[in-house]
Structures are given as structure tokens and as C-alpha cells.
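# Residue-level structure breakdown
If you want the building blocks of each chain, they are given just below.
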Amino acid sequence: MINAAEAALITQSLEIASERGGDLTGAVYARLFAERPDLEPLFVMDADGAVRGEMLSRVFDAILDFIGDRAYAHNLIHAEASNHDGYNVPRDVFALFFTTVADTVQEACGGAWSTDMSQAWKRLLNALDHYIAA
Ligand code: HEM
């Protein structure tokens, strides 16, 4: 479980990142495709970016539920990880999306990012891996 202090740090980092960076969609996918150019063609049908936007907003909502009430996020993440097998997105790549989000949030926070935030996100990514694994 992510404890209350870690959840507060993650929530704070998301708030600062959106205040300073606005809509992070472009930055998240630019970072993902810079690191993994082989993934961009998977979105060839997504001409208007609706799928990419939907995915990221689902991921932000899932992170907030996962560190909070955990009412649905663990099940959604496990289900989507298996759905994505069907899109030729292996589990390690699926998990990479959360790391890409964490790195983009860190960049958007700039000087407001702290070591405690790093630790809290690291714990979150480890906890998420548990639900992504097959
Ligand atoms: C690098 C990792 C990921 C890649 C490459 C990826 C790729 C894709 C692709 C190509 C689609 C469109 C499938 C189609 O309709 O043909 C899709 C849809 C979707 N993905 Fe991902 N995905 C990733 C990570 C995630 C994560 C972490 C989540 C959420 C936990 C997620 C949630 C969704 C959802 C909800 C849809 C359906 C969106 C819609 O139809 O509007 N994806 N993904």
C-alpha cells in the first residue's frame, strides 16, 4: 500500500505539474516516442489523438484512485494490461507508460520536485507492477 504521506506527495506533484505544465498530453507522448519510436505506429488509427488523450486521462484517474480509495484502479490496470496484449503492447511496455508519466511530471515540476516525491513515485511504480504482471 502507498501510505498517506506518499499519496499526498504524489497528488501534490500532479497538481504542481498541471499548474506549471498545463495539459501534459503532448509532453508525455513526446517522451514516450522519443524513448520508444517503435510505439508511435501503434497509434496510426488515432488521427485526432482521442485515444492518446483518453489513455492518459484514464491513467491519471487510475493513479489518484490507486493511491486513494483504490476502488477500481488495480482491476482496471490489470484488465487493461491484458487488453493491451491484444494491441501488441507487452507488459513491460505497458508498465513503461507509468514511468513515462512520472518522468514527465518530474520535469514539469522543475525545482518544486523533491527527493520525497521521487521516493513516493518509485513506491507507486513498484506497487503498480504487481497489478500489471500477468
Ligand atoms: C506504452 C504503453 C501503452 C501503449 C503503447 C498503448 C497503446 C494503446 C493503443 C495502440 C490503443 C488503441 C487500441 C485500438 O483501439 O486499436 C490503446 C487504447 C487504450 N489504452 Fe493504451 N497503451 C499503453 C498503456 C496504457 C495504460 C497504462 C493504460 C491504462 C491503465 C491504457 C489504457 C487504454 C485505454 C482505456 C484504451 C482505449 C481508449 C479508447 O478507446 O478511447 N493504455 N492503447
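Residues numbered from 1 in each chain as written. Predicted model: local features only at pLDDT ≥ 70, side-chain atom pairs only at ≥ 80, totals over all residues. Heavy atoms only, no water.

## A look at the overall build of the protein
- In terms of helices and strands, the protein carries six helices and zero strands.
- In terms of overall dimensions, the protein is globule-like: its C-alpha atoms have a radius of gyration of 14 Å, near the 14 Å expected for 134 residues.
- Principal-axis analysis of the C-alpha atoms gives the protein an extent of 40 × 30 × 20 Å.
- Taking all 134 residues of the protein together, the buried fraction comes to 41%.
- Counting every atom, the protein has about 7100 Å² of accessible surface; 55% of that belongs to carbon and sulfur.
- Of note, the protein has its 9 positive side-chain charges centred 4 Å away from the centre of its 20 negative side-chain charges. (Helix = DSSP H or I, 4+ residues; strand = E, 2+ residues; numbered from the N terminus. Rg over C-alpha atoms; globule rule 2.2 N^0.38 Å. Buried < 20%, exposed > 50% of the residue type's maximum accessible area, 1.4 Å probe, protein only. Areas by Shrake-Rupley, 256 points an atom, 1.4 Å probe, with all protein chains shown as cover. Lys, Arg positive; Asp, Glu negative; His and termini not counted. Charge placed at Lys NZ, Arg CZ, Asp CG, Glu CD.)

## Let's talk about the site of the ligand
- The environment of the ligand is formed by 17 residues, the closest being F43, M55, R58, H84 and F94.
- H84 is positioned with one of its side-chain polar atoms (N or O) 2.8 Å from a nitrogen atom of the ligand.
- When atoms are counted within 2 Å of each cavity's grid points, the one that captures over half of the ligand is the largest pocket.
- For the shell around the ligand, the secondary-structure elements that each account for two or more residues are α3 (50–67), α4 (73–85) and α5 (91–109).
- Looking at the shell around the ligand element by element, the count peaks at five residues for α3.
- Per-class residue counts for the shell around the ligand are 13 nonpolar, one polar and three charged. (Near = heavy atom within 4 Å. Polar contact = N/O pair within 3.5 Å; in protein donor to acceptor, adjacent residues only side chain to side chain. 1 Å grid on protein atoms, 1.4 Å probe; cavity = no way out; pocket = protein on both sides within 12 Å on 5 of 7 lines; lining within 4 Å. Sits in = over half its atoms within 2 Å of the grid points. Nonpolar A, V, L, I, M, F, W, Y, C, P; charged D, E, K, R; others polar.)

## Quick notes on the nonpolar core
- By size, the foremost hydrophobic cluster in this structure holds 44 residues, and its most contacted members are I10, I63, F98, V101, V105, W121 and L124.
- Of all elements in the fold, only α1 (4–21), α2 (25–35), α3, α4, α5 and α6 (115–132) reach the threshold of two or more residues within this core.
- For this core, the element with the most residues is α5, which contributes eleven residues.
- Those residues in contact with F98, other than ones at most four positions away along the chain, are V59, I63, I77, L125, L128 and I132. (Core = buried A, V, L, I, M, F, W, Y, C linked by side-chain atoms within 4.5 Å. Contact = heavy atoms within 4.5 Å.)

## Notes on the pattern of salt bridges
- Tallied over the entire structure, the rule returns six salt bridges.
- Ionic pairing is found between D38 and R36, a salt bridge with its closest N-O pair at 2.7 Å.
- Accessibility expressed as a relative area gives 26% for R36, which makes it partly exposed.
- Where D85 meets R91, a salt bridge forms, and the shortest distance between an N and an O atom there is 2.6 Å. (Salt bridge = Lys/Arg side-chain N within 4 Å of Asp/Glu carboxyl O.)

## Structural notes on the packing of α4 against α6
- Look at α4 against α6: their axes get within 8 Å of each other, and the N-to-C directions meet at 55°. Taken together, the axis directions place α4 and α6 in an arrangement best described as oblique. In terms of crossing hand, the pair formed by α4 and α6 is right-handed. Seen from α4, the contacting residues are H74, I77, H78 and A81; seen from α6, they are L128, Y131 and I132.
- Residues that form the contact of α4 with α6 fall into these classes: five nonpolar, two polar and no charged. (Axes fitted to C-alpha atoms, helices over the stretch in contact; angles between N-to-C directions. Parallel < 35°, antiparallel > 145°, perpendicular 65-115°, else oblique. Left-handed = near helix turned anticlockwise from the far one by under 90°.)

## What to know about α3
- Its 18 residues place the ends of α3 26 Å apart at the C-alpha level, agreeing with the 26 Å of an ideal helix rising 1.5 Å per residue.
- If you check which residues of α3 are buried, you get R52, L56, V59, A62, I63, D65, F66 and I67.
- The inward-facing, buried residues of α3 abut α1, α2, α4, α5 and α6. (Expected span 1.5 Å × (residues − 1).)

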